[in-house]
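The lines below spell out each chain.
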Amino acid sequence: MSSSTAHRVRRADSSGTDEAPGEVLRDIPLPPYVTGEDTQFAVRAVVVHAPRRWSGGVVCRNDASPHPCRLHRWGARVLALRGLRAAEIAALIERGDPTAVVPPPDRPA
């Protein structure tokens, strides 16, 4: 296989989207349960792949793909599973620190 060969994967639920077939990659699977390490990777993903306004619209700051990119979506989903609200995730992105520590979830006594 040559280095110029590109493989595209269709999203499983591609019906109803306005994008060309094969242009959108499938979402990254979530871990079976969210560990502290997963949380740190997720923080890094949402901060590094934050939105950026550009002449063509909002793009991923890291790779200029349409925002939200796969890694940003994955990170936001993992952080939501960890118990963070949308406002808390937005605050992490606004702070811009990819090494920010998310406190462990509250556990019932």
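This structure is a prediction, so every number in the text was calculated from the model and none was measured. Residue indices follow the written sequence of each chain, beginning from 1 at its first position. The predicted nature of this model means local features are confined to residues of pLDDT at least 70 and side-chain atom pairs, given and counted, to a pLDDT of 80 or more, with totals for whole chains, interfaces and linings taken over all residues. As a convention, hydrogens and water are excluded, and side-chain values are obtained from all of the structure's heavy atoms.

**Q** What am I meant to see in the side chain of His49 here?
**A** In DSSP terms, a helix is any run of H or I states spanning at least four residues, a strand is any run of E spanning at least two, and both are numbered starting from the N terminus. Considering the arrangement of structural elements, one finds His49 in the loop between helix H1 (36-48) and strand E1 (51-54). Here a residue-residue contact requires only that any non-hydrogen atoms of the pair lie within 4.5 Å. In contact with His49, not counting residues within four places along its chain, are Arg44, Cys60, Asn62, Asp63, His67, Cys69, Leu71 and His72.

**Q** Sorry, what's going on with unusual backbone geometry here?
**A** Note: most residues except glycine have negative phi, and most peptide bonds are trans. Here the residue pair His67 and Pro68 is connected by a cis peptide bond, since its omega of 0° sits within 30 degrees of zero. With respect to the helices and strands, Pro68 occurs in the loop between strand E2 (57-60) and helix H2 (70-81). Of note, the phi angle at Ala64 is positive, near 60°, even though the residue is not glycine. Secondary-structure assignment places Ala64 in the loop between E2 and H2. A simple rule labels every residue: compare its accessible area, found with a 1.4 Å probe on the protein chains alone, to the largest value its type can have, and call it buried under 20%, exposed over 50%, or partly exposed in between. The exposed category is assigned to Ala64, whose relative accessible area is 54%.

**Q** Explanation requested: the pattern of salt bridges in the structure shown.
**A** A side chain of one charge can pair with a side chain of the opposite charge if their charged atoms are brought near each other. By convention in these notes, a salt bridge is any Lys or Arg side-chain nitrogen within 4 Å of a carboxyl oxygen on Asp or Glu. Applying the stated rule across the entire model yields three salt bridges. Arg73 is the salt-bridge partner of Asp27, the closest N and O atoms lying 2.6 Å from each other. Here Asp27 is found in the segment before H1, whereas its partner Arg73 is found in helix H2, with 46 residues between them in sequence. Here Asp27 falls in the partly exposed class, since its relative accessible area comes to 33%. Between Arg85 and Glu88 there is a salt bridge whose closest N-O contact spans 3.9 Å. The exposure class assigned to Arg85 is exposed, which follows from its relative accessible area of 57%. Overall, the relative accessible area of 32% leaves Glu88 in the partly exposed class. Each of the salt bridges in this network shares a partner with another, and the network as a whole consists of Asp27, Arg73 and Arg77.

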